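Each chain, written out:
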Amino acid sequence: MAKLSLFERRRRRVRTALRKRSGLRPRLSVHRTGRHIYAQIIDDAEGRTVAAASTLGAKAAGANVDAAIQVGKDIAAAAKKAGVTTVVFDRGGYLFHGRVKALADAAREGGLEF
């Protein structure tokens, strides 16, 4: 088996810790690329996506902090519409700063608790 990259090791470590502490709360998962940022609220018990938002939509374009803030607001609104108020934040293997932090702060301001 090939060695895992540092990113993959960090991602697995974060997700394992979340599963231990999350209880039955849905998971707010973040994925970012050089061009876009994506957020999903995933119910691991049922194995389905409850809500999703990304910069692929017309409201926010690009991969900067402003776009991440818009995605955070969008995911919070979609979560409220789906009846989700508390989540556990899954940053994946990304460090909690920049776009990831901006998305999380905007989701908190939008009404999600984590």
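Residues numbered from 1 in each chain as written. Predicted model: local features only at pLDDT ≥ 70, side-chain atom pairs only at ≥ 80, totals over all residues. Heavy atoms only, no water.

An account of the nonpolar core is requested, with residue identities and associated values reported.
Core analysis: the biggest nonpolar cluster contains 22 residues, and L28, I41, I75, F89, L103 and L112 have the highest contact counts within it. The set of elements that each furnish at least two residues to this core consists of strand 1 (27-32), strand 2 (37-43), strand 3 (48-54), helix 2 (65-82) and helix 3 (99-109). Excluding its chain neighbours within four sequence positions, the residues that come into contact with L103 are V30, I37, A39, A68, V71, G72 and F89. (Core = buried A, V, L, I, M, F, W, Y, C linked by side-chain atoms within 4.5 Å. Buried < 20%, exposed > 50% of the residue type's maximum accessible area, 1.4 Å probe, protein only. Helix = DSSP H or I, 4+ residues; strand = E, 2+ residues; numbered from the N terminus. Contact = heavy atoms within 4.5 Å.)

Which residues make up helix 2, and what are the values?
Taking 1.5 Å of rise per residue, 18 residues should cover 26 Å, and helix 2 covers 26 Å from first to last C-alpha, within 8% of that figure. Burial in helix 2 covers these residues: A67, A68, V71, G72, I75, A76 and A79. On its buried face, helix 2 is in contact with strand 1, strand 2, strand 3 and helix 3. Of the residues trailing helix 2, G83 is marked for its positive phi of about 85°. (Expected span 1.5 Å × (residues − 1).)

Give a detailed account of the confidence of the model for the chain, specifying residues and quantitative values.
Mean pLDDT over the chain: 92, with 96% of residues reaching 70 or higher. Mean pLDDT across the elements of the chain ranges from a minimum in helix 1 (residues 6-21), with 92, to a maximum in helix 3, with 97. (pLDDT = per-residue confidence, 0-100.)

Which residues make up the sheet that holds strand 4 (residues 88-90), and what values do they have?
Overall, mixed pairing links the four strands, which are arranged 3-2-1-4 in an open sheet. Since the sheet does not close on itself, it has two edges, and those belong to strand 3 and strand 4, each with one partner. Averaged over all pairs of adjacent strands, the angle between their axes in this sheet comes to 20°, without regard to strand direction. Summarising the sheet, strand 2 and strand 3 pair through six bridges and their orientation is antiparallel. Within strand 3, the residue paired with I41 across the bridge is A51. Each of strand 1 and strand 4 is contacted by helix 1, which is oriented at about 170° to strand 4, the strand it contacts most. Its contacts with the sheet put helix 2 on strand 1, strand 2 and strand 3, and the angle it makes with strand 3 is roughly 145°. (Pairing = 2+ DSSP bridges. Axes fitted to C-alpha atoms, helices over the stretch in contact; angles between N-to-C directions.)

Break down the side chain of D90 for me, citing the residues and quoting the values.
With respect to the helices and strands, D90 occurs in strand 4. From its side chain, D90 meets the backbone nitrogen of G92 in a polar contact 3.0 Å long. D90 has contacts with V14, R15, L18, R27, L28, S29 and V30, leaving out every residue within four places of it along the chain. (Polar contact = N/O pair within 3.5 Å; in protein donor to acceptor, adjacent residues only side chain to side chain.)

Tell me about the packing of helix 2 against helix 3, residues and numbers included.
For any two helices packed against each other, one specifies the crossing angle of their axes together with the interaxial distance. As a packed pair, helix 2 and helix 3 sit with axes 7 Å apart at the nearest point and diverge in direction by 35°. Our pair here, helix 2 against helix 3, has a crossing hand that is right-handed. The residues of helix 3 that touch helix 2, namely those facing V65, A68, I69, V71, G72, K73, I75 and A76, are R99, A102, L103, A106 and A107. Along the lines of polarity and charge, the residues of the contact of helix 2 with helix 3 split into 10 nonpolar, one polar and two charged. (Left-handed = near helix turned anticlockwise from the far one by under 90°. Nonpolar A, V, L, I, M, F, W, Y, C, P; charged D, E, K, R; others polar.)

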